Amino acid sequence: MYEMKRRKGSGYVTQTYELNRLDYLILGTLYKGDFKDFYHAITITEMMEINNGALGARMTVYKKLQRLVKAEYIGKGIIDNHSDTYYLLKKGIETIEGGKELKRVFVHTEYQGRGIGSKLVSLLIEWAMELGYKRMILETGELLAESCAVYNKLGFKIISNYGPYVNMPESLCMAKDL
């Protein structure tokens, strides 16, 4: 979540924005590509090519990038006096690194009910802590009662849907501070 001031009439209004799926895609692209300083940056065209059209129209991406620059998640540079380039700032890196996502933990039906899922998730939490992560996030569904019970037992709390799950009411997102 970030706040931005914009002009309204003769004054300014502060608006609050939540990062959405497109914001996370942009930040994730910069992070995975190791575009973390002025000298290691990427252009909009390169970013769109890496994501094979998943970012949408160029103007949409440009507007998102401008918001992320103003909110200090990313920095903006220039090459050859004409191409804008973008790279992650500390806030963007912390956003990506701060909440590592737990994905796709399944126990075969034959072995369910034996505490294997709880033990597996506990070990993943320990490993994340050893690696220095501060928070673990996950997405599940309310209909997956057993999974929800495991996550609750291990200290996960329900949070607002994040990233690709923002507009998915069937999704249930949870987090645990490590």
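Now for a quick tour of the structure.

### So, the layout of surface pockets
Here's step 1: Space inside the second largest pocket adds up to approximately 700 Å³.
Here's step 2: Looking at the lining of the second largest pocket, the elements that each hand over two or more residues are strand 6 (99–102), helix 5 (116–130), strand 7 (135–141) and helix 6 (145–153).
Here's step 3: The class makeup of the residues in the lining of the second largest pocket is twelve nonpolar, eight polar and six charged.

### Details of the nonpolar core
Side chains of nonpolar character tend, in soluble globular proteins, to be buried together.
Here's step 1: If you look at the biggest cluster of nonpolar residues, it comprises 21 residues, and the most contacted ones within it are Ile26, Leu30, Met47, Leu65 and Ile74.
Here's step 2: Mapped onto this core, the elements with two or more residues apiece are helix 1 (21–32), helix 2 (44–50), helix 3 (58–70), strand 5 (83–88) and helix 4 (90–98).
Here's step 3: If you tally residues by element for this core, the top one is helix 1, at four residues.
Here's step 4: Residue contacts for leucine 30: discarding those within four places in its chain leaves Phe35, Ile42, Met47, Ile74, Tyr86, Tyr87 and Leu88.

### Describing the side chain of threonine 43
Here's step 1: Here threonine 43 lies in strand 3 (residues 42–43).
Here's step 2: Apart from residues no more than four positions distant in its own chain, threonine 43 is found in contact with Ile79, Ser83, Asp84 and Thr85.

### Some words on the packing of helix 1 against helix 3
When two helices pack together, their arrangement is given by the angle between the helix axes and the distance between those axes.
Here's step 1: Here helix 1 crosses helix 3 at 75°, and the two axes come no closer than 11 Å. Here helix 3 runs roughly perpendicular to helix 1, going by the angle between their axes. Of the residues in helix 3, those touching helix 1 at Leu22, Asp23 and Ile26 are Thr60, Lys64, Leu65 and Leu68.
Here's step 2: Among the residues forming the contact of helix 1 with helix 3, the class breakdown is four nonpolar, one polar and two charged.

### What to know about helix 1
Along an α-helix, residues three or four positions apart point the same way, because every turn accommodates 3.6 residues.
Here's step 1: In this model helix 1 runs 16 Å from its N-terminal to its C-terminal C-alpha over twelve residues, within 8% of the 16 Å that 1.5 Å per residue would give.
Here's step 2: What helix 1 keeps buried is the set Leu22, Asp23, Ile26, Leu27, Gly28, Thr29 and Leu30.

### Quick look at the packing of aromatic side chains
Here's step 1: Applying the stated rule across the entire model yields three aromatic pairs.
Here's step 2: A ring pair is formed by phenylalanine 38 and tyrosine 39, whose centres lie 5.5 Å apart and whose planes are at 85°; its orientation type is edge-to-face.
Here's step 3: Under the relative-accessibility criterion, phenylalanine 38 is labelled partly exposed at 41%.
Here's step 4: Judged by its relative accessible area of 71%, tyrosine 39 is exposed.

The rules behind each value
Residues numbered from 1 in each chain as written. Predicted model: local features only at pLDDT ≥ 70, side-chain atom pairs only at ≥ 80, totals over all residues. Heavy atoms only, no water. 1 Å grid on protein atoms, 1.4 Å probe; cavity = no way out; pocket = protein on both sides within 12 Å on 5 of 7 lines; lining within 4 Å. Points joined across faces, edges and corners; volume = space filled by probe spheres on them. Helix = DSSP H or I, 4+ residues; strand = E, 2+ residues; numbered from the N terminus. Nonpolar A, V, L, I, M, F, W, Y, C, P; charged D, E, K, R; others polar. Core = buried A, V, L, I, M, F, W, Y, C linked by side-chain atoms within 4.5 Å. Buried < 20%, exposed > 50% of the residue type's maximum accessible area, 1.4 Å probe, protein only. Contact = heavy atoms within 4.5 Å. Axes fitted to C-alpha atoms, helices over the stretch in contact; angles between N-to-C directions. Parallel < 35°, antiparallel > 145°, perpendicular 65-115°, else oblique. Expected span 1.5 Å × (residues − 1). Phe/Tyr/Trp six-rings, centres within 6.5 Å; stacked < 30°, edge-to-face > 60°.

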